[in-house]
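As a plain string of letters, each chain reads:
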Amino acid sequence: MAITRFAPSPTGYLHIGGLRTSLYNYLWARKTNGEFRLRIEDTDTARNNEEAMKAIISAFEWVGLNYDGEVFYQSKRTDIYKVYIDKLLENGNAYKCYMSRDELDSLRASQEAAKQNPRYDGTWRPEAGKILPKIPADVEPVIRIKAPTSGTIEFEDGVKGSMKFDANQVDDFVIARSNGMPTYNFVVAIDDALMNMTDVIRGDDHLSNTPKQIVVYNALGFKVPKFYHVPMINNPSGKKLSKRDGAMDVMDYKNLGYLPEALLNFLVRLGWSNGDQEIFSMDEMLELFDPSNINKSSSSYNGEKLLWLNSEYIKAVSNDRLIEELKFFDLDLSHHPKKTELLDLSKQRAQTVVELKKSITDILDIPTYYEENGVKKFVKEDTKDFLEKYLELLEKNKEDLYNIENVEAITKPFIHEFGLKFPQLFQPIRIALTGGTQAPSVYDIIAILGFNEVSSRLKEALKRNFQNT
C-alpha cells in the first residue's frame, strides 16, 4: 500500500509538469489501495500567493484527482516543526549559527575566488575541544543541522537506480531562519515522515534536495521513503519547456477547450508507456501504471498529439457531457430540438470544445458575412436560377426535411436533372446558410435548420446577391 503526495508551492499556477507529477502519485496510491495527499508548501511567506493556492485546488477539482483527507498547509504546522527543531538542538544534531549576512557573503566570495563550491565552513558547529566564537549581540541566529562530514549518502532511486553522494556535497544547511521559520528541506522531510509517506515521486529537479532530506531523516531516526525522480518535460527541441511550448496554467487548457481526460492521458504518456498504446482510460492507467517503469530520459511535449487525443475524447464522450462542457463556453444546447444531430455532426470535426462550439454556431447563427473568396469561386451567373428552383423543391417537400436521408433523396435527382456538379449546388448553399465554404454536409445543415430557416437564409443571400453590403 503506497502513501504518496503532491506538494506544490503556492507561488504561481499549477503547470502541466506539476500535474503530471501529481498524476503519477495519484495512480500509484490508488492502484495499491493506498492514500494520496495534497500538501501546500507555503512556509516561504514572502512568495506565497493566495490566488495561486486557490488555483491549485481548482485545477485538481477540474481534472478529478481526488485526494484523501484535508489539504495540509505547512504554514499551519509551524508548532510541529519547532518541536523537531528543539529535539535536534537537544540531541546535538543541530546548533545555532550566529554568522552574519556580511560574513556569509564574504565567505562565499572567497570560496568562489578559489574556485571552490560555496558551502558553510562550520564556524559555529560545536565539536569536542573546539572553542566557539563569542556570541554577537546584534545577530539573531539561524539553526543549522549537523550533516555528516565523511562517507556517502546513498539511496536507491526507483527511476534512476543507485544514487550515491559524497557527504562533503552537503554542508550544515539551515533548517530554521533567524525569524524562526523552518526551511524547505527540513519541513518536507518532517511532513513526509509524519504523514507516513512510503513513496515520493517528484521531478528530478529535486534530486539535489534528497541527500539533505535524508540527513534530516537520519538525524531524527525516521524511515527514509522510496524516491522516484522523474525526468523533466522538454519542448520539441529538447530544451526546457516554456509557456509558449505548453507549460502554462493547467486551467488554461480548460479555457482552450481541452477535456481533462485527454490532458491526463497525454501527460501519463510523457515519461511512461505501455507498448505502443496511446489512449488510456483512467481504469487502464490504474491497472497498468508502475513508477518503476517511468522512463529514465526526458520526454518531449507534442502539441499535435494532445490535439489528436482531445479530438478522440470529444468523439468518445457522451453528448450529455459535451452539452455540459459547452455551457462553460456560453453555449447551452440543453433544450435545442436538434442537439443530438448538432453534436453528432460537429464533434467529428472538432479538436477542442472551442472548435466544437464554433462548428455548432456556424450552423445555428445567421451569417452576417459571406466569404468573399468562396462567393467569387462558386457563385456564377446561373447560381441564382437553380437555387430558386431548389428552394421551390424544398418547399414542396418541407415536411420531409427532418433527416439527412430524406434531404439527400430529394436533392440527388435535382442535381442530375439540371446536370450540376455537387460543388455547384452545395457550396453556394453552404455560403448562404453559414457564410463560409468549410461547413459540414449540406444535407445535415438543412435537416438541422429545417425548411423555414433554410428558406429565410437562402432568400436573404439571393436578395443581397451574396454581397456583403
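The chain appears in an unreviewed UniProt entry as Glutamate--tRNA ligase from Arcobacter caeni. The heading Subcellular location (unreviewed entry) in the UniProt record of the chain holds the text "Cytoplasm".

(A) Spatial organisation of the nonpolar core. Core analysis: the largest hydrophobic core is formed by 102 residues, its most contacted members being Tyr 253, Leu 425 and Phe 466. For this core, the leading source of residues is helix H18 (residues 442–463), giving 12 residues. Both domains that meet at this core, namely domain 1 (3–70 + 233–300) and domain 3 (366–464), each give it at least three residues. Residue contacts for Phe 466: discarding those within four places in its chain leaves Tyr 370, Val 375, Val 379, Leu 387, Pro 428, Ile 431, Ala 432 and Ala 461.

(B) The arrangement of the domain arrangement of the chain in detail. As far as domains go, the chain holds domain 1 (3–70 + 233–300), domain 2 (75–183) and domain 3 (366–464). In this structure, domain 1 and domain 3 have C-alpha centres spaced 48 Å apart.

(C) The pattern of salt bridges, seen in detail. Taken as a whole and assessed by the stated rule, the structure comprises 26 salt bridges. Residue Glu 112 pairs with Arg 108 through a salt bridge whose shortest N-O separation is 3.8 Å. One end of the pair is Glu 112 and the other is Arg 108, both in helix H4 (residues 101–113) and 4 residues apart, which spans about a single turn. For Arg 108, a relative accessible area of 45% corresponds to the partly exposed category. The salt bridge involving Lys 358 is made with Asp 362; its shortest N-O contact spans 3.0 Å. Of this pair, Lys 358 and Asp 362 both sit in helix H13 (residues 353–364), separated by 4 residues, roughly a single helical turn. Accessibility expressed as a relative area gives 52% for Lys 358, which makes it exposed. A single network of salt bridges, built from pairs that share partners, joins Arg 5, Arg 39, Glu 41, Arg 77, Asp 191 and Asp 192.

(D) A look at the pairing of strand E7 (residues 161–166). The sheet contact formed by strand E6 (residues 152–157) and E7 spans 6 bridges and is antiparallel. Within the sheet, the bridge partner assigned to Ile 153 lies in E7 and is Phe 165. Where E6 folds back onto E7 in an antiparallel hairpin, the turn is made up of 3 residues.

(E) Main features of the sheet that holds strand E4 (residues 94–97). Reading across the sheet, the 3 strands line up as E4-E5-E8 and stay open at both edges, with antiparallel pairing between neighbours. The open sheet has two edge strands, E4 and strand E8 (174–176), and neither has a second partner. Here the average twist between neighbouring strands, direction ignored, is 45 degrees. Where strand E5 (residues 142–145) meets E8, 2 bridges bridge the pair, whose relative direction is antiparallel. Residue Arg 144 lies in a different strand from E8, and its bridge partner there is Val 174.

What counts and what doesn't
Sequence order as written defines the numbering, with residues in each chain counted from 1. A pLDDT threshold of at least 70 governs which residues receive local features in this predicted model, and a stricter bar of 80 or more applies before side-chain atom pairs are shown or counted, although totals over entire chains, interfaces and linings include all residues. The side-chain quantities take in all heavy atoms of the structure and omit both hydrogens and water. UniProt positions are given in the numbering used here, feature names are shortened, and annotations may be inferred rather than shown by experiment. Only buried Ala, Val, Leu, Ile, Met, Phe, Trp, Tyr and Cys residues count toward a nonpolar core, and they belong to the same one when joined by side-chain atoms within 4.5 Å. A simple rule labels every residue: compare its accessible area, found with a 1.4 Å probe on the protein chains alone, to the largest value its type can have, and call it buried under 20%, exposed over 50%, or partly exposed in between. Strands here are runs of E lasting at least two residues and helices are runs of H or I lasting at least four, both read from the DSSP assignment and numbered beginning at the N terminus. Domains are outlined according to an automatic or database domain assignment. Residues are treated as being in contact if the distance between any of their heavy atoms lies within 4.5 Å. Any carboxyl oxygen of Asp or Glu within 4 Å of a side-chain nitrogen of Lys or Arg constitutes a salt bridge here. By definition, two strands form a pair when at least two bridges between them are found by DSSP. As a rule, the C-alpha atoms of each element are fitted with a line to give its axis, helices using only the stretch in contact, and angles between N-to-C directions run from 0 to 180 degrees.

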